[in-house]
Amino acid sequence: MFKKTMMFIMIVVLTVLAACSGQSAKQEMYDHLEETVKQENSFKEQQAVLTELEEKEQKLYNQIIDSDLDDLEEIQKLSDEALALVEERQEKLDLENESIQSAKEEFSKVEPLIGEMEDNEEAKQIAKEMVTAMEERYAAYERMHNTYQEALKLDEELYAMLKKKDLQEETLRTQVGKVNEKYQKVIDANDEFNERTDDFNKLKREFYAAAGLDETSESSAE
């Protein structure tokens, strides 16, 4: 009778510990997911600044194109201003990337906890899909980031070219074509990144619902 009682107690204790472990794993995942979003705050800030800098640069480019071709001094002045904006955009892009890499490192702590959620198979399955979606999102970001870097290089070449006195129209036309083509790729990469972000946010909401977790008002990736 004593052995049976002790066996029953052990089973109850193990069951309680397993439940606590599952609850702890869910809470840890929640904490890492929320921290991941916080780590991306700088990314969102830099995105806004980059858009503003792009608009300023576009105005300068339009001024250059509308300038009298014989007024080389004015064109060189405007080109230097545009080059300064390209450099500033590179700095913001680096800060944006640092934010994403920091968030990525934080998110990497989520997957090892999924196996500990033994009490909720539905939440466990959704969590796996959520991790896959985020990995695809980060891969999309890398493509977007690398393409944007290439576009900045082409911008530098363009403005350096515009400062030359003996610039040939055909040479300029070719460079502008390269720039436009590259930025179209940036737009396409950004669209893909946004789609992957939507996928992740949807699965994250589903995971929170299945795991019985509350989503904060600002807990979605952007």
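Cut-offs applied
- Residues numbered from 1 in each chain as written.
- Predicted model: local features only at pLDDT ≥ 70, side-chain atom pairs only at ≥ 80, totals over all residues.
- Heavy atoms only, no water.
- Helix = DSSP H or I, 4+ residues; strand = E, 2+ residues; numbered from the N terminus.
- Buried < 20%, exposed > 50% of the residue type's maximum accessible area, 1.4 Å probe, protein only.
- Lys, Arg positive; Asp, Glu negative; His and termini not counted.
- Salt bridge = Lys/Arg side-chain N within 4 Å of Asp/Glu carboxyl O.
- Contact = heavy atoms within 4.5 Å.
- Core = buried A, V, L, I, M, F, W, Y, C linked by side-chain atoms within 4.5 Å.
- pLDDT = per-residue confidence, 0-100.
- Expected span 1.5 Å × (residues − 1).
- Phe/Tyr/Trp six-rings, centres within 6.5 Å; stacked < 30°, edge-to-face > 60°.
- Patch = residues over 30% accessible without salt bridge, like charges linked within 9 Å, V, L, I, M, F, W, Y side chains within 5 Å.
- Areas by Shrake-Rupley, 256 points an atom, 1.4 Å probe, with all protein chains shown as cover.
- Charge placed at Lys NZ, Arg CZ, Asp CG, Glu CD.

### Structural notes on the side chain of lysine 124
Right, on to step 1. Here lysine 124 shows up in helix α5 (residues 121-162).
Right, on to step 2. Among buried Asp, Glu, Lys and Arg side chains, lysine 124 stands out as unpaired, with glutamate 121 the closest opposite charge at 4.1 Å.
Right, on to step 3. When near neighbours in sequence (up to four residues on either side) are disregarded, lysine 124 contacts Ile114, Gly115 and Met117.

### Concerning the nonpolar core
Right, on to step 1. Grouped together as the largest cluster of nonpolar side chains are 33 residues, with contacts concentrated most on Met29, Leu33, Phe107, Val110, Met130, Phe200 and Phe207.
Right, on to step 2. Within the residue set of this core, elements represented by two or more residues are α1 (2-39), α3 (72-107), α4 (111-114), α5 and α6 (169-211).
Right, on to step 3. Among the elements that make up this core, the one with the highest residue count is α5 (11 residues).
Right, on to step 4. Tyr61, Ile64, Ile75 and Tyr159 belong to the second largest nonpolar core, which has 23 residues in total.

### With respect to the confidence of the model for the chain
Right, on to step 1. Summarising the model, the chain shows a mean pLDDT of 88, and 87% of its residues fall at 70 or more.
Right, on to step 2. Mean pLDDT values for the elements of the chain range from 63 in α1 up to 97 in α5.

### Concerning the environment of threonine 51
Right, on to step 1. By secondary structure assignment, the location of threonine 51 is in helix α2 (residues 41-66).
Right, on to step 2. You can call threonine 51 partly exposed: its relative accessible area is 39%.

### Some details on α2
Right, on to step 1. If you check α2, its first and last C-alpha atoms are 38 Å apart, about what 26 residues at 1.5 Å a residue would give, namely 38 Å.
Right, on to step 2. For α2, the full list of buried residues reads Phe43, Gln46, Leu50, Leu53, Glu57, Leu60, Tyr61 and Ile64.
Right, on to step 3. Taken together, the buried residues of α2 touch α3, α5 and α6.

### Things to note about the packing of aromatic side chains
Right, on to step 1. In the structure shown here, the tally under the stated rule is eight aromatic pairs.
Right, on to step 2. Plain terms: the ring middles of tyrosine 30 and tyrosine 208 are 5.3 Å apart, the flat faces sit at 40 degrees to each other, and that makes the pair tilted. Taken as a pair, tyrosine 30 in helix α1 and tyrosine 208 in helix α6 lie far apart in primary sequence, 178 residues in all.
Right, on to step 3. Here tyrosine 148 and tyrosine 183 contribute two aromatic rings whose centre-to-centre distance is 6.3 Å and whose plane-to-plane angle is 90 degrees, an arrangement assigned as edge-to-face. Taken as a pair, tyrosine 148 in helix α5 and tyrosine 183 in helix α6 lie far apart in primary sequence, 35 residues in all.
Right, on to step 4. Since its relative accessible area comes to 7%, tyrosine 148 is described here as buried.

### Points about a negative patch on the surface
Right, on to step 1. On the surface, Glu87, Glu88, Glu91, Asp94, Glu98, Glu156 and Glu157 cluster together to form a negatively charged patch.
Right, on to step 2. When residues of the negative patch are traced back to their parent elements, those giving at least two are α3 and α5.
Right, on to step 3. Per-element accounting of the negative patch gives the leading share, five residues, to α3.
Right, on to step 4. Within the secondary structure, glutamate 87 sits in helix α3.

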